[in-house]
Amino acid sequence: MDFQHPIVAAPMAGGPSTPELAAAVASTGALGFLAGGNKTAALIAQQYRSVADTGNIGVNLFVPDVANTAVDQAQSRKQRTEKLTAYRQKLLPLAAQLDVEIPSVEQAGESVTDDWDAKLGVAGQWPIVSFTFGLPAPEVFDRLHASGTQVGVTVTTVAEASTAAARGADFLVVQGPEAGGHRSVHDPLANPEDTPLLQLLENITVDAPVIAAGGIMTPDDVETVLNHGAVAAAVGTALLLTDEAGSNPLHRYMLQHDRSGTTALTRAFSGRVSRSLVNDLLALDAPAAYPEVNALTSPIKRAAIEARDPRFTHLFAGTGYLQARTGPAADIVQWLAGR
């Protein structure tokens, strides 16, 4: 990968990364991203076609457990079900309070592949594809490289970076613990390491371009990660309040009105570790079971958003969220790039 611009839009699944945001970022010469998690292959393909002519656009895909080579595929399904059943019981009072029904554990586990095979079937049509939540098999890299697609992998440790580079990643997104939203730890059962981003950048030595992610909110932050060996800075929280972002109104309100500056990590929202503003739901002890936990909590989170109740929905935010700006995404990207 040859990065001519220092900014990359971090893909934010669940709504914030709209096609309009990707296009606005790409229009500046930066790399925009569509977030492919929790979408069908057909929808992602349609969204990509709608913005393909606006500039450099990548597509990010979640790696489901069944396709993640970092997952122990022999782990007990019975134990997973038992933990999910216990977590569902914790959610029932909240569901009753918000007057919603939550799916059964069986229903929550009906679709765990995230349309993976279909997405791979069209991914070769996109020039840039990145993977989050794990590391696909070597044949996935070979298949995409054969079609000319550049492949990136999000990593959170030195070991993950080394494995991804050896697998054939064309670039790495090095995500520090300061990042908002989900941590892309390859082993979903593992607790994330807490090595700060700048130290992580210094520790990773791979023969591939490195994009830095996590807590990057200002031009000074961008310059700092570039000075630590990154070729670009991926920004997510910095774009959540932009005009083109699909952040819901409650999320936007809390980012602007919660001035505590406090965020925390939790599995409560989806089963994957994520960083959010602190609220009541965050305190629940959820099992490491994505996407089932996400399916169980989705009705509660949607109802809380509709009720403008910040206690019971995800409010993803990086550690620097107090510095998030409003306005057109292109203006903020240009400001971050010092242009």
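Note that the structure is a prediction, hence the values are computed from the model and not measured. All residue numbers here refer to positions counted from 1 along the written sequence of the relevant chain. Local features are withheld for residues below a pLDDT of 70 in this predicted model, meaning they are given only at 70 or higher, and side-chain atom pairs are given and counted only at 80 or more; totals for whole chains, interfaces and linings count all residues. The side-chain values count all of the structure's non-hydrogen atoms but skip hydrogen atoms and water molecules.

A. A look at the overall build of the chain. Each helix is a run of DSSP H or I of at least 4 residues and each strand a run of E of at least 2, with the numbering of both proceeding from the N terminus. Of the regular secondary structure elements, the chain holds 12 helices and 11 strands. Computed over C-alpha atoms, the radius of gyration of the chain comes to 19 Å, within 12% of the 20 Å expected from 2.2 N^0.38 for 339 residues, which places it in the range of a compact globule. Each principal axis of the C-alpha distribution contributes one length, and for the chain these read about 50 × 45 × 40 Å. Think of it in three bands: residues with accessible area under 20% of the maximum for their type are buried, residues over 50% are exposed, and the middle band is partly exposed, with areas taken using a 1.4 Å probe on protein chains only. Looking at the chain as a whole, 57% of its 339 residues are labelled buried. The size measure is the radius of gyration over C-alpha atoms, and the globule rule it meets is 2.2 Å times the number of residues to the 0.38 power.

B. Examining the packing of aromatic side chains more closely. Only Phe, Tyr and Trp rings are paired, with Trp represented by its six-membered ring, and only when their centres lie within 6.5 Å; those with planes under 30 degrees apart are stacked, over 60 edge-to-face, the remainder tilted. The tally for this structure, following the rule as stated, stands at 8 aromatic pairs. Taking 4.3 Å as the distance between ring centres and 20° as the angle between the ring planes, the aromatic pair formed by Phe62 and Phe133 counts as stacked. Remark: Phe133 occurs in the loop between strand 4 (128-132) and helix 6 (138-146) and Phe62 occurs in strand 3 (residues 57-62); sequence separation between them is 71 residues. Overall, the relative accessible area of 1% leaves Phe133 in the buried class. In this structure an aromatic cluster arises from ring pairing among Phe62, Phe133 and Tyr290.

C. Spatial organisation of the pairing of strand 8 (residues 210-213). Of the two faces of strand 8, the one carrying Val210 and Ala212 and the one carrying Ile211 and Ala213 are both buried. Of the pairings in the sheet, the one linking strand 8 to strand 9 (residues 232-235) comprises 3 bridges and is parallel in character. Bridging from a neighbouring strand, Ile211 pairs with Ala232 of strand 9. One crossover worth recording links strand 8 to the parallel strand 9 by way of helix 9 (residues 219-227), and it is right-handed. DSSP calls a pair of strands paired once it identifies at least 2 bridges connecting them. A crossover counts as right-handed when, viewed with the strands pointing away from the observer, the path leading from the first strand over the helix to the second turns clockwise.

D. Broad picture of the sheet that holds strand 7 (residues 181-182). Spatially, 3 strands are ordered 7-11-10 in an open sheet, and the strand pairing comes out antiparallel. The open sheet has two free edges, formed respectively by strand 7 and strand 10 (263-266), since each of these has just one partner strand. Pairing of strand 7 with strand 11 (residues 274-277), which is carried by 2 bridges, proceeds in the antiparallel orientation. Within strand 11, the position partnered with Gly181 by the bridge is Arg275.

E. Structural detail: unusual backbone geometry. A cis amide bond links Tyr290 with the next residue in sequence, Pro291, at an omega value of 10°. Within the element layout of this structure, Pro291 appears in the loop between strand 11 and helix 11 (292-306). Even without glycine at this site, Asn38 takes up a positive phi of about 65°. Within the secondary structure, Asn38 is located in the loop between strand 2 (32-35) and helix 2 (41-51). One non-glycine residue, Asp99, lies in the positive phi region at around 60°. Take Asp99: it is sitting in the loop between helix 3 (77-98) and helix 4 (105-108). On the basis of relative accessible area, Asp99 is assigned to the exposed category, the value being 70%.

F. Quick peek at helix 10 (residues 249-257). Leu250, His251, Met254 and Leu255 are the residues of helix 10 that are buried. Considered in projection along helix 10, the buried side chains sweep an arc of 135° and stay on one side of the axis. Against the buried residues of helix 10 lie strand 11 and helix 11. The distance from a side-chain oxygen at the start of helix 10 to the backbone nitrogen of Leu250 is 3.0 Å, and the residue carrying that oxygen is Asn248. The arc refers to the directions leading from the helix axis to the C-beta atoms. Throughout, a contact is declared for two residues whenever any of their heavy atoms are within 4.5 Å. Polar contacts, as used here, are pairs of N or O atoms within 3.5 Å; protein pairs need one atom able to donate a hydrogen and one able to accept it. Residues neighboring in sequence count only if both atoms are side-chain atoms.

G. Molecular detail of the environment of Leu240. On the secondary structure map, Leu240 appears in the loop between strand 9 and helix 10. Leu240 gets classed as buried once you look at its relative accessible area, which sits at 3%. Sequence spacing of Leu240 and Phe316 is 76 residues, and the spatial spacing of their C-alpha atoms is 9.5 Å. Apart from residues lying up to four places away in sequence, Leu240 is in contact with Met12, Pro16, Ala245, Ser247, His251, Arg252, Leu255 and Phe316.

H. Here's a closer look at the pattern of salt bridges. Take a side-chain nitrogen of Lys or Arg and a carboxyl oxygen of Asp or Glu: if they are within 4 Å of each other, that pair is a salt bridge. This model, assessed by the stated rule, comprises 6 salt bridges. The closest approach of N and O atoms between Arg77 and Glu292, which form a salt bridge, is 3.3 Å. Remark: Glu292 occurs in helix 11 and Arg77 occurs in helix 3; sequence separation between them is 215 residues. The salt bridge involving Glu82 is made with Lys78; its shortest N-O contact spans 2.5 Å. Taken together, the residues Glu82 and Lys78, both in helix 3 and 4 residues apart, mark about one turn of the helix. Overall, the relative accessible area of 58% leaves Lys78 in the exposed class. Each of the salt bridges in this network shares a partner with another, and the network as a whole consists of Asp65, Arg77, Arg80 and Glu292.

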